[in-house]
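Structure at a glance
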Amino acid sequence: VQTYPVSSVLVAIAVGGWIHYSGHFKLVCLIVGIPLNILGLGLFIYFRNAGAGVGYMVMCQIFISVASGAVIICDEIAILSAASHKHVAVCIAVLGVFSSIGGAIGLTLSSAIWQNIFPDRLAQYLPADALEQLLNIYPSIDVQLSFPVGTPERDAIQRAYADGYLYLLITATAIWVIGIVGVLMWRNIDVKTVKQTKGHVW
C-alpha cells in the first residue's frame with residue numbers, strides 16, 4: 001500500500017540530486033520517467049490476474065513509483081526553470097491547476113470504464129444462482145470478500161476485477177504515450193546556467 005508514496009518521494013530526492021549535478025531534467029523524464037511508467041503499466045496488464053504472484057504486482061508498482069518520482073520533480077523544474085523569479089508563485093499555481101484538471105479527467109475516465117465493465121462482467125461470470133445477489137456484490141468489497149477463495153462466486157468476482165483493470169491499464173498506458181509528446185515540447189534548459197536569485201525564496 002505504501003510502495004508508491006515512499007518510493008516516489010525517495011526517487012524524487014535522488015533525481016533532484018542528479019539534476020543538481022548534471023543540470024539537465026528533460027532526458028531524465030524521457031529516459032526514466034515515462035518509459036518506466038509505460039513498462040510498469042504494461043506489465044500490470046499481464047500480471048493483473050488473480051493467479052499471478054503478488055511479488056510481480058509489487059514489482060510493477062515499484063516501476064510506476066520510480067517513474068512517477070522522476071516525472072513529478074522534472075515537470076516542476078521544467079516550468080520553474082523557464083520562468084523568472086517573480087513568476088514562481090504563478091507557475092506553481094498553474095501547475096497545480098492543470099494537475100487538478102488532469103486528475104479530474106483521469107478519475108472521470110476510470111469511473112466510467114469501471115462502471116461499464118465491472119458490473120457487466122460480474123453478471124456474465126457469476127453462477128446463475130448468485131445473480132440475484134449482483135446488486136449486493138457489485139458495490140461492496142465486504143460482500144465480495146465474504147465469498148471464500150475457490151468458490152465460483154469468488155472466481156467470478158476475481159475475473160470481473162481482472163477485466164475491469166485490463167481496460168483501465170490499457171487506457172493509462174495509452175495516455176502515457178501522449179506524455180512523451182508533452183515532454184518533447186519542454187525546453188531543454190541547463191539549470192546550471194539559470195541565474196539564481198540571492199536570499200530566501202518564499
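Described in the following lines is the structure provided in the data block. (Residues numbered from 1 in each chain as written. Predicted model: local features only at pLDDT ≥ 70, side-chain atom pairs only at ≥ 80, totals over all residues. Heavy atoms only, no water.)

1. Concerning the environment of Asp142
In this fold, Asp142 is placed in helix H6 (residues 141-145). Residue classification places Asp142 among the exposed residues on the basis of a relative accessible area of 60%. (Helix = DSSP H or I, 4+ residues; strand = E, 2+ residues; numbered from the N terminus. Buried < 20%, exposed > 50% of the residue type's maximum accessible area, 1.4 Å probe, protein only.)

2. Some thoughts on the pattern of salt bridges
Counting across every chain of the model gives 2 salt bridges. Between Arg121 and Asp120 there is a salt bridge, with its nearest N and O atoms 3.8 Å apart. Looking at Asp120, the relative accessible area reads 40%, which means it is partly exposed. A salt bridge links Arg121 to Asp163; the shortest N-O distance between them is 2.9 Å. Remark: Asp163 occurs in helix H7 (residues 152-184) and Arg121 occurs in helix H4 (residues 88-125); sequence separation between them is 42 residues. For Asp163, a relative accessible area of 11% puts it in the buried group. (Salt bridge = Lys/Arg side-chain N within 4 Å of Asp/Glu carboxyl O.)

3. With respect to the packing of aromatic side chains
The geometry of an aromatic ring pair is captured by two quantities: the separation of the ring centres and the angle between the planes. All told, the structure shown has 10 aromatic pairs when counted by the stated rule. Among the aromatic residues, those joined into a cluster by ring pairs are Trp114, Phe118, Tyr138, Tyr161 and Tyr165. The ring centre of Tyr125 lies 3.8 Å from the NZ or CZ of Arg159, which sits over that ring. (Phe/Tyr/Trp six-rings, centres within 6.5 Å; stacked < 30°, edge-to-face > 60°. Lys NZ or Arg CZ within 6 Å of the ring centre and 35° of its normal.)

4. A short note on a nonpolar patch on the surface
Taken together, the side chains of Val90, Val94, Val97, Phe98, Ile101, Ile105, Leu109, Ile175 and Ile178 make up a nonpolar region of the molecular surface, amounting to roughly 810 Å² of accessible area. Broken down by secondary-structure element, the contributors of at least two residues to the nonpolar patch are H4 and H7. When residues of the nonpolar patch are assigned to their parent elements, the largest contribution, 7 residues, is made by H4. Along the chain, the position of Phe98 falls in helix H4. (Patch = residues over 30% accessible without salt bridge, like charges linked within 9 Å, V, L, I, M, F, W, Y side chains within 5 Å. Areas by Shrake-Rupley, 256 points an atom, 1.4 Å probe, with all protein chains shown as cover.)

5. Here's the deal with the side chain of Arg121
Note on Arg121: relative accessible area 18%, which makes it buried. Setting aside its immediate chain neighbours within four residues, Arg121 contacts Ala160, Asp163 and Tyr167. (Contact = heavy atoms within 4.5 Å.)

6. Here's the deal with the packing of H4 against H7
Interaxial distance between H4 and H7 falls to 8 Å at its minimum, and their mutual angle equals 150 degrees. Considered as vectors, H4 and H7 are oriented roughly antiparallel to each other. Crossing geometry of H4 relative to H7 is assigned as right-handed. The residues of H7 that touch H4, namely those facing Leu109, Ser110, Ile113, Trp114, Ile117, Phe118, Arg121, Leu122 and Tyr125, are Ala156, Ile157, Arg159, Ala160, Tyr161, Asp163, Gly164, Tyr165, Tyr167, Leu168, Thr171 and Ile175. (Axes fitted to C-alpha atoms, helices over the stretch in contact; angles between N-to-C directions. Parallel < 35°, antiparallel > 145°, perpendicular 65-115°, else oblique. Left-handed = near helix turned anticlockwise from the far one by under 90°.)

7. Some words on H7
Along its 33 residues, H7 runs 49 Å from first to last C-alpha, staying within 8% of the 48 Å computed at 1.5 Å per residue. Those residues of H7 that sit buried are Glu153, Arg154, Ala156, Ile157, Ala160, Ala162, Asp163, Gly164, Leu168, Leu169, Thr173 and Val183. Turning to H7, the residues buried within the fold contact helix H2 (26-47), H4, helix H5 (134-137) and H6. (Expected span 1.5 Å × (residues − 1).)

8. Overview of the packing of helix H3 (residues 54-81) against H4
The description of two helices packed together rests on the angle between their axes and the distance between the axes. Following both chains from N to C, one finds H3 and H4 inclined at 140 degrees, their axes separated by 9 Å at the closest point. Overall, the two elements H3 and H4 adopt an arrangement that is oblique. Relative to H4, the crossing made by H3 is right-handed. Every residue of H4 that contacts H3 at Asp75, Glu76, Ile79 and Leu80 is listed here: Val88, Cys91, Ile92 and Leu95. Residues that form the contact of H3 with H4 fall into these classes: 6 nonpolar, no polar and 2 charged. (Nonpolar A, V, L, I, M, F, W, Y, C, P; charged D, E, K, R; others polar.)

9. Details of the state of the cysteines
Scanning the entire structure with this criterion turns up 0 disulfides. Unpaired in terms of disulfides, Cys91 finds its nearest cysteine sulfur in Cys74, a separation of 16 Å. Residue classification places Cys91 among the buried positions, given a relative accessible area of 11%. (Disulfide = S-S within 2.5 Å.)

The values reported here are purely geometric and, on their own, carry no functional implication.
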